[in-house]
Amino acid sequence: MTEAILLVGGKGTRLRPLTVNTPKPMVPAAGVPFLTHQLARARAAGVEHIVLATSYLAEVFEPYFGDGSGLGLHIEYVTEEEPLGTGGAIRNVAARLHSGPDEPVLIFNGDILTGLDIRALVATHETTGADVSLHLTRVEDPRAYGLVPTDATGRVTAFLEKPQTPEEIVTDQINAGAYVFRRSVIDTIPAGRPVSVERETFPDLLATGAHLQGMVDSTYWLDLGTPQAFVRGSADLVLGRAPSPAVPGRCGDRLVLPTARVAPDAKLTGGTVVGDGARIGEGARITGSTILSGAVVEPGAVITDSLIGTGAHIGERTILSGTVIGDGAVVGADNELREGVRVWCEAEIPAGALRFSSDQ
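All values derive from a computational prediction rather than experimental measurement.

J.: How would you sum up the nonpolar core? Please name residues and give values.
T.: Ile5, Ile107, Leu134, Phe181, Ile186, Phe202 and Leu212 are the most contacted members of the largest nonpolar core, which has 29 residues in total. Of all the secondary structure elements, the ones that give two or more residues to this core are β1 (3–7), β4 (49–54), α3 (85–92), β6 (104–109), β8 (132–138), β11 (173–182), α5 (183–186) and α6 (197–207). Leu39, Leu52, Phe65 and Tyr77 belong to the second-largest nonpolar core, a separate cluster that totals 25 residues.

J.: How would you sum up the sheet that holds strand β28 (residues 336–337)? Please name residues and give values.
T.: Taken in spatial order, the five strands line up as β16-β19-β22-β25-β28 in an open sheet, and their pairing is parallel. In this open sheet, the two edge strands, each paired with only one partner strand, are β16 (267–269) and β28. Note: strand β19 (residues 285–287) against strand β22 (residues 302–304), three bridges, orientation parallel. Within β22, the residue paired with Ile286 across the bridge is Ile303.

J.: Please provide a residue-by-residue account of the packing of aromatic side chains, values included.
T.: One pass over the structure, following the stated rule, counts seven aromatic pairs. When the ring of Tyr179 is compared with that of Phe202, the centres are 5.2 Å apart and the planes differ by 70 degrees; the resulting orientation is edge-to-face. You can see Tyr179 sitting in strand β11 and its partner Phe202 sitting in helix α6, a full 23 residues away along the chain. Here Tyr179 matches Phe202 in class, with each residue buried. Members of the aromatic cluster, connected to one another through ring pairs, are Phe159, Tyr179, Phe181 and Phe202.

J.: Summarise the side chain of Ser196; cite the residues concerned and give the values.
T.: If you trace the backbone, Ser196 turns up in the loop between α5 and α6. Accessibility expressed as a relative area gives 17% for Ser196, which makes it buried. A distance of 3.1 Å separates a polar side-chain atom of Ser196 from the backbone nitrogen of Arg199. In this structure, Ser196 is in contact with Thr86, Gly87 and Thr201, ignoring residues within four places of it in sequence.

J.: Before we move on, can you summarise the side chain of Thr323 with the specific residues and values?
T.: Its location among the elements puts Thr323 in the loop between β25 (319–321) and β26 (324–325). On the accessibility criterion, Thr323 (1% relative accessible area) is buried.

J.: Tell me about the pattern of salt bridges, and name the residues and values.
T.: Considering all chains together, one arrives at 13 salt bridges under this definition. Ionic pairing is found between Asp334 and Arg317, a salt bridge with its closest N-O pair at 2.8 Å. Taken together, the residues span a long stretch of sequence, with Asp334 in the loop between β27 (330–331) and β28 and Arg317 in the loop between β24 (313–314) and β25 at a distance of 17 residues. When its relative accessible area of 29% is taken as the criterion, Asp334 is described as partly exposed. In this structure, the salt-bridge partner of Glu336 is Arg355, at a minimum N-O distance of 3.5 Å.

Conventions we followed
- Residues numbered from 1 in each chain as written.
- Predicted model: local features only at pLDDT ≥ 70, side-chain atom pairs only at ≥ 80, totals over all residues.
- Heavy atoms only, no water.
- Core = buried A, V, L, I, M, F, W, Y, C linked by side-chain atoms within 4.5 Å.
- Buried < 20%, exposed > 50% of the residue type's maximum accessible area, 1.4 Å probe, protein only.
- Helix = DSSP H or I, 4+ residues; strand = E, 2+ residues; numbered from the N terminus.
- Pairing = 2+ DSSP bridges.
- Phe/Tyr/Trp six-rings, centres within 6.5 Å; stacked < 30°, edge-to-face > 60°.
- Polar contact = N/O pair within 3.5 Å; in protein donor to acceptor, adjacent residues only side chain to side chain.
- Contact = heavy atoms within 4.5 Å.
- Salt bridge = Lys/Arg side-chain N within 4 Å of Asp/Glu carboxyl O.

Next comes the structure, spelled out in structure tokens:
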């Protein structure tokens, strides 16, 4: 298995305002665009040729990654004129693949952070003679996901979309967003229209008697679809909880990129990242957060589990917890923003304007 398709066309609406100016796979995690971690892990597993299926803000990818040679890869780019869904995107790039009809092609979603053993998934695919093999993971509450029950041999028996009642929850196994397709199966996906692999391709293959194999791998797995998850994923990469050969530095409590300036008495913990050109003032305390390039955190600010966008400005003594501050936004001094707050790009909040507790 030497080639792969990476699905990076989504709009990332749940991540806004992070994705107003930047496609989701290009939002920095642990100091580099998240996509870098996926590409590096694919290369480490033996992948040489990757086709990126792009759509939203497609023009951003190639200027950054070029032909992929910097990562030891050959990268090609295919842009959808209209969103085609997961299956449609796979079919849309099929002409760029070089594999023979029976050879395996790795396919993975561009918003999953995982410790999946890619080689083991490919080995499972080849030893079982499957048409498609799926990475499955177990979750405590599967109601937000599609369930994938399997028999005693690991063969997939059904696809059950987002169960709501206890009776519908027949397994804790979910589709984890990484697949190995037999090359010829990709050509059976209808071309030129939106197709969902979860709702159409996989159920149709089952109905026609195709062999779909599940491999449960319960190493680290996180869907980065929400700001809170994205911030946690970045912190886990820095802390070494999530594996990646692309973290630009040693794992530890903090990652400060070379041109950032951090006051000697500022305290950075919990996998905090400070991007290029960012500035952290005296006495600031930042835990488990991402401060993107060019952002400014003034003295005495306290930031927890939050993401501060490119060029944003956080005033003195402001407290942020579980919040997202968009690119170029300004949050004045002595504000207090709590869980779930999203400040849009270029917005301005005056000093002392918002609090969740008394100012005394």
